[in-house]
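# Structure at a glance
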Amino acid sequence: MAKIEPIEPQFHLEVLNPEQLSSIKSATLQIMEEVGVRFPSKKALRIFAEHGALVDWERQLVQLPADMVLEALGQAPRSYVLSGRSEGTDLILDGRRSYFATDGCGTLTIDFETGEERYSCKDDVARMARVADGLSSIAFYWPIVSAQDYGRLAPLHELDASFGNTVKHVQTETVMGEMPARYAVRMAGAIAGSREQMRANPPLSALICTIAPLGHDKEGIEAAMVYAEAGIPVGFMAMPTMGSTAPAAPGGALVIGNAEAASAMVLMQLVAPGAPVFQSLLVSGMDPHTAGYLVSLPQKYLCNVAAVQMAHDWGVPSLAGTFGLDASEPATWQLGRDSVYTALLCALAGTDITIGLGMLKASTLLVPEQIIFDDEIYHTHRVLAEGLDISSQGLALDIISKVGPGGHFLAQKHTRRHLRDVWIPELTQPRPSPDGTPPQDIRQRARAKLDRILVEHEPEPLEEAVRAELDAILSAAERELGS
Amino acid sequence: MSQEIYDKLAKAVIDGEPEDAEEWAKKALEQGLDPLDCINEGLSPGIDRVGELFATGDYFLPDLIIGGDAMKAALNILEPALTQGQGRHVLGQVVLGTVEGDLHEIGKTLVGTMLTANGFLVTDIGVDKTAAEFVAAIKESGATLVGASALLTTTMLHQKEVIEALKEAGLRDQVKVMVGGAPITESWAKEIGADGYADDAITAVAVAKKLVGAA
């Protein structure tokens, strides 16, 4: 039975005050109107032109009047549902809960059996989908690595491995291009039962990356239009790097990213008014000596929180990127630190959906047991964000009076009941188990838990007819798109 | 009918409901059931189940303690009704206390609860007890096992005095000595000539069983 335990924060974190938010919005609107954003898609340019934007066809540049942006974004829904395929697995994006997912889409895997590093494959996506199905920290699944054994059809096979091994909502970040997106929509329709049901309860959503600075990818934006037309929620992730693809100043990086993501969300509303969209801004830093990608930076953590506020300021849900940082080894000091600064701060900021559990080396390397470490950190954050129980049960005055000075609380029924509310980290404080003494090494303990899930957790299988339909769609895609 | 009451007694222990345990013990006697059967067929399987659930990680210490309390509540009713010569099977008699100058109680009480729940008959003499008071309690109860608890580095020295006092009283050969408490280590136990040491209350039961030859 797949279970989801979202974070429901009882106190909130903001890093931008209303004036600062307003400054960012004005600057973003100004950039969109005066500088413009590059859309290398004739279809996109035509739609913008039809709706009154200033289009430079040669430079593929669109200048969007502020009124047009605000009017379009005003049609985007703030609240909607991302559906799972069994009861209790829907994500309600209404600003009251944060739902987390795995990271993606890595290219390397530490082999489950040999422990050797190798290229990732479809079976990795399937195995980790089963693990995700069995962990309550994971509310939706990003295909965690690339199904590199399926060539050009890898993105669709990633969806296939995901739908087949978890009932939880799946979000693709790799299906790009108009034709592949149409196949992904067909697969989602097969899962939902019909196109109408898919629109009402989408089992699939999509994330498209922008190209910094101030541009989009043809395949990405054309896939996004397919999703918006079909009612598949689609989000846009900008990844400005301070110093290289963005100014070396967090404010400027946020404005660049905001303009990229918002311009795409405007297009979606022009294509399909009221289409469910979401925004994500992942600011990073440039290594000043190598130009490498740096994410373990305090300015980045601040930008993560600001990004949540900025998405909500447009009136759309926010997706945050957390965990999965620079470290290359599980169970390191650095990972512990970075997870708090990313996952906890974003949850307290009220992000609606968040990705990032289970990957290392800046989201490139799948170390199977890493997700168990991240799961434990997630639950620590979940309990932390819930705040304190100061109700009469929480104050327990009658029990304090009953025990009195010098006594103890071990034999109280109140203790028996509420001791279960004290969440105890399982990896650092392993519980007694019928399997005998847990391994001494924490990494082995994490691996033992992962293996137990892989052996014992049985995701609810797809109905045979749905399974057959997915196979037929994949065969058709292979005929049309090549393998 | 009798099986139903045994089951209720077991359930009261498993659920940790001392009031229910007492009530069902009274009903058992009213209906003329053999108190020894009630213990062996109801309470003992109940407390065994509590132990199993604890071992698998499903139960916590309070479940164990309140289960033990439920068992005690029923025994208080049933034991006085046992006929002459009848007695419940116990693994051994234990005297338990915290040493002189030390007022720490919880660790010692936990060990007592665990030993009781596992079939020992425990006389808990309380805290701040001199070596002489330990010896007197051993003589009175006929215990073959004594547990001396100390939480402070300043009071742990008194554990040694308990052993010395047993020697002086000529009882050392008949009584096994266990020591425990936060500052206590295996090597300290050896140094003062104790027979057993455990790090926590669960291990203490295993050590006690070994010392009385029941393991």
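A brief look at the structure comes next. Quantities reported herein were computed from a predicted structural model and do not represent experimental measurements. (Residues numbered from 1 in each chain as written. Chains lettered and ligands numbered in written order. Predicted model: local features only at pLDDT ≥ 70, side-chain atom pairs only at ≥ 80, totals over all residues. Heavy atoms only, no water.)

## Quick look at the overall build of chain A
Helices and strands together make up the secondary structure of chain A, namely 17 helices and 20 strands. Whereas a compact globule of 483 residues would reach a radius of gyration of roughly 23 Å, chain A reaches 23 Å, a difference of no more than 12%. Overall, the C-alpha framework of chain A stretches about 80 × 55 × 50 Å when taken along its three principal axes. The 483 residues of chain A split such that 55% are buried. Long-range pairs, those at least 24 residues apart, make up 76% of the contacts in chain A between residues at least 6 apart in sequence. By element, 53% of the accessible surface of chain A is carried by carbon and sulfur atoms, the whole surface being about 19,800 Å². Across chain A, the mean location of the 39 positive side-chain charges is 4 Å away from that of the 60 negative side-chain charges. (Helix = DSSP H or I, 4+ residues; strand = E, 2+ residues; numbered from the N terminus. Rg over C-alpha atoms; globule rule 2.2 N^0.38 Å. Buried < 20%, exposed > 50% of the residue type's maximum accessible area, 1.4 Å probe, protein only. Contact = heavy atoms within 4.5 Å. Areas by Shrake-Rupley, 256 points an atom, 1.4 Å probe, with all protein chains shown as cover. Lys, Arg positive; Asp, Glu negative; His and termini not counted. Charge placed at Lys NZ, Arg CZ, Asp CG, Glu CD.)

## Structural notes on the layout of surface pockets
Each pocket or cavity is described by its volume, and for the largest pocket that value is around 1,700 Å³. Every residue lining the largest pocket is counted, 49 residues in all, and those nearest its centre are A:Trp423, A:Ile424, A:Glu426, A:Arg431 and A:Lys449. Every element with two or more residues in the lining of the largest pocket is listed here: helix H12 (370-385), helix H13 (392-395), helix H15 (413-418) and helix H16 (442-456) of chain A. A breakdown of the residues in the lining of the largest pocket according to their chemical character gives 17 nonpolar, 15 polar and 17 charged. Of the volumes computed, that of the second largest pocket is approximately 960 Å³. As for the second largest pocket, its lining consists of 39 residues, of which B:Phe54, B:Leu64, B:Met114, B:Asn118 and B:Ile202 are closest to the centre. Secondary structure elements with two or more residues in the lining of the second largest pocket: helix H3 (35-55), helix H4 (61-78), helix H5 (106-117) and helix H9 (201-211) of chain B. For the lining of the second largest pocket, the element with the most residues is H3(B), which contributes nine residues. For the lining of the second largest pocket, a count of residues per class yields 24 nonpolar, nine polar and six charged. (1 Å grid on protein atoms, 1.4 Å probe; cavity = no way out; pocket = protein on both sides within 12 Å on 5 of 7 lines; lining within 4 Å. Points joined across faces, edges and corners; volume = space filled by probe spheres on them. Nonpolar A, V, L, I, M, F, W, Y, C, P; charged D, E, K, R; others polar.)

## Here's the deal with the interface of chain A and chain B
By a widespread convention, an interface's size corresponds to the accessible area lost as its parts come together. Taken together, the contacts link 13 residues of chain A with 22 residues of chain B. On the chain A side of the interface with chain B, the three residues burying the most area are A:Leu410, A:Arg416 and A:Arg420, jointly 44% of the side's total. In this structure, the connection of chain A to chain B is made through four salt bridges. Put simply, A:Arg416 and B:Glu17 hold a salt bridge, and the shortest N to O gap is 3.7 Å. Run the count over chain A and chain B and you get six residue pairs in polar contact (both at pLDDT 80 or more). Grouping the constituent residues of the side of chain A that touches chain B by class yields five nonpolar, five polar and three charged. (Buried area = accessible area lost by both parts, 1.4 Å probe. Salt bridge = Lys/Arg side-chain N within 4 Å of Asp/Glu carboxyl O. Polar contact = N/O pair within 3.5 Å; in protein donor to acceptor, adjacent residues only side chain to side chain.)

## Concerning a nonpolar patch on the surface
All names here are of chain A. Taken together, the side chains of Leu388, Ile390, Leu395, Leu397, Ile400 and Phe409 make up a nonpolar region of the molecular surface, amounting to roughly 660 Å² of accessible area. Checked against the element boundaries, leucine 388 lands in the loop between H12 and H13. Accessibility expressed as a relative area gives 79% for leucine 388, which makes it exposed. (Patch = residues over 30% accessible without salt bridge, like charges linked within 9 Å, V, L, I, M, F, W, Y side chains within 5 Å.)

## Section: the state of the cysteines
All names here are of chain A. According to the stated counting rule, one finds zero disulfides over all chains in the structure shown. Cysteine 303 takes part in no disulfide bond, and the closest cysteine sulfur to it belongs to cysteine 346, at a distance of 11 Å. A residue is classified by how much of its surface remains accessible, and cysteine 303, at 2% relative accessible area, is buried. (Disulfide = S-S within 2.5 Å.)

## Focus on helix H7 (residues 157-168) of chain B
Residues and elements named next belong to chain B. For H7, spanning 12 residues, the distance from its first C-alpha to its last is 17 Å, which sits close to the expected 16 Å at 1.5 Å a residue. Buried residues belonging to H7 abut strand S1 (92-99), helix H6 (131-141), strand S3 (145-149), strand S4 (176-180) and helix H8 (186-191). Once H7 finishes, glycine 170 follows within two positions and takes phi at roughly 70 degrees, a positive value. (Expected span 1.5 Å × (residues − 1).)

## Quick word on the nonpolar core
Grouped together as the largest cluster of nonpolar side chains are 87 residues, with contacts concentrated most on A:Phe48, A:Tyr227, A:Phe236 and A:Leu267. Residue contributions to this core peak at 13 residues, all from helix H9 (residues 250-271) of chain A. Among residues more than four places away in sequence, those in contact with A:Tyr227 are A:Thr172, A:Val175, A:Ala181, A:Ala184, A:Val185, A:Ala206, A:Ile208, A:Ile232 and A:Val234. Counting residues in hydrophobic clusters, the runner-up holds 45 residues, among them B:Ala70, B:Leu82, B:Val111 and B:Ala198. (Core = buried A, V, L, I, M, F, W, Y, C linked by side-chain atoms within 4.5 Å.)

## Here we look at the environment of A:Met265
Within the fold, A:Met265 resides in helix H9. Once you skip the residues sitting within four places of it in the chain, A:Met265 turns out to touch A:Leu73, A:Phe236, A:Val277, A:Phe278, A:Gln279, A:Trp314 and A:Val316.

## A few points about the packing of aromatic side chains
Note on aromatic pairs: each is described by the distance of the centres and the angle between the planes. All names here are of chain A. A complete count under the given rule lists three aromatic pairs over all chains for this structure. A centroid spacing of 5.0 Å and a plane angle of 65 degrees characterise the contact between phenylalanine 100 and tyrosine 378, whose relative ring orientation is edge-to-face. Separated by 278 residues along the polypeptide, phenylalanine 100 in strand S6 (residues 99-102) and tyrosine 378 in helix H12 bring together distant segments of the chain. When sorted by exposure, phenylalanine 100 lands in the same class as tyrosine 378, which is buried. The ring centre of phenylalanine 112 lies 4.5 Å from the NZ or CZ of arginine 127, which sits over that ring. (Phe/Tyr/Trp six-rings, centres within 6.5 Å; stacked < 30°, edge-to-face > 60°. Lys NZ or Arg CZ within 6 Å of the ring centre and 35° of its normal.)

## Notes on the packing of helix H5 (residues 154-163) of chain A against helix H6 (residues 178-192) of chain A
Residues and elements named next belong to chain A. The N-to-C vectors of H5 and H6 enclose an angle of 15 degrees; their axes lie 10 Å apart at closest approach. Classified by the angle between their axes, H5 and H6 sit roughly parallel to one another. For the element pair H5 and H6, the recorded crossing hand is right-handed. Between H5, through Leu156, Leu159, Asp160 and Phe163, and H6, the contact on the second element is made entirely by Pro180, Tyr183, Ala184, Met187 and Ile191. Residue composition of the contact of H5 with H6, grouped by class: eight nonpolar, no polar and one charged. (Axes fitted to C-alpha atoms, helices over the stretch in contact; angles between N-to-C directions. Parallel < 35°, antiparallel > 145°, perpendicular 65-115°, else oblique. Left-handed = near helix turned anticlockwise from the far one by under 90°.)

## Considerations on a negative patch on the surface
Where like charges cluster on the molecular surface, the negative patch consists of B:Glu100, B:Asp128, B:Glu133, B:Glu161, B:Glu164 and B:Glu168. The exposure class of B:Glu100 is partly exposed, given its relative accessible area of 31%.

## Some points on the packing of helix H1 (residues 2-15) of chain B against helix H2 (residues 18-30) of chain B
Residue and element names in this part refer to chain B. For the pair H1 and H2, the least separation of the axes is 8 Å and the interaxial angle reads 160 degrees. What the angle tells us is that H1 and H2 run roughly antiparallel. Judged by the sense of rotation from one axis to the other, the crossing of H1 with H2 is left-handed. Residue-level contacts link Ile5, Lys8, Leu9 and Ala12 of H1 to Asp20, Ala21, Trp24, Ala25, Lys27 and Ala28 of H2. Residues belonging to the contact of H1 with H2 are distributed by class as follows: seven nonpolar, no polar and three charged.

## What about the sheet that holds strand S7 (residues 108-110) of chain A?
Residue and element names in this part refer to chain A. Taken together, the four strands give an open sheet; going across it, the order is S8-S7-S20-S19, and neighbouring strands pair in mixed fashion. Edge positions in the open sheet fall to strand S8 (117-119) and strand S19 (359-360), since each of these has one partner strand only. Bridge count between S7 and S8: three bridges; the pairing is antiparallel. When the bridges of S8 are listed, threonine 109 appears paired with arginine 118. (Pairing = 2+ DSSP bridges.)

## Some points on H2(B)
In this model H2(B) runs 19 Å from its N-terminal to its C-terminal C-alpha over 13 residues, within 8% of the 18 Å that 1.5 Å per residue would give. Buried residues of H2(B): B:Pro18, B:Ala21, B:Trp24, B:Ala25 and B:Ala28, and no others. All buried residues of H2(B) project into a common sector of 130 degrees when viewed along the axis, lining one side. For H2(B), the elements touching its buried residues are H15 of chain A together with H1, H3 and H4 of chain B. Positioned one or two residues after H2(B), B:Gly32 has a phi angle of 80 degrees, which is positive. (Arc of directions from axis to C-beta.)

In short, geometric facts, not functional conclusions.
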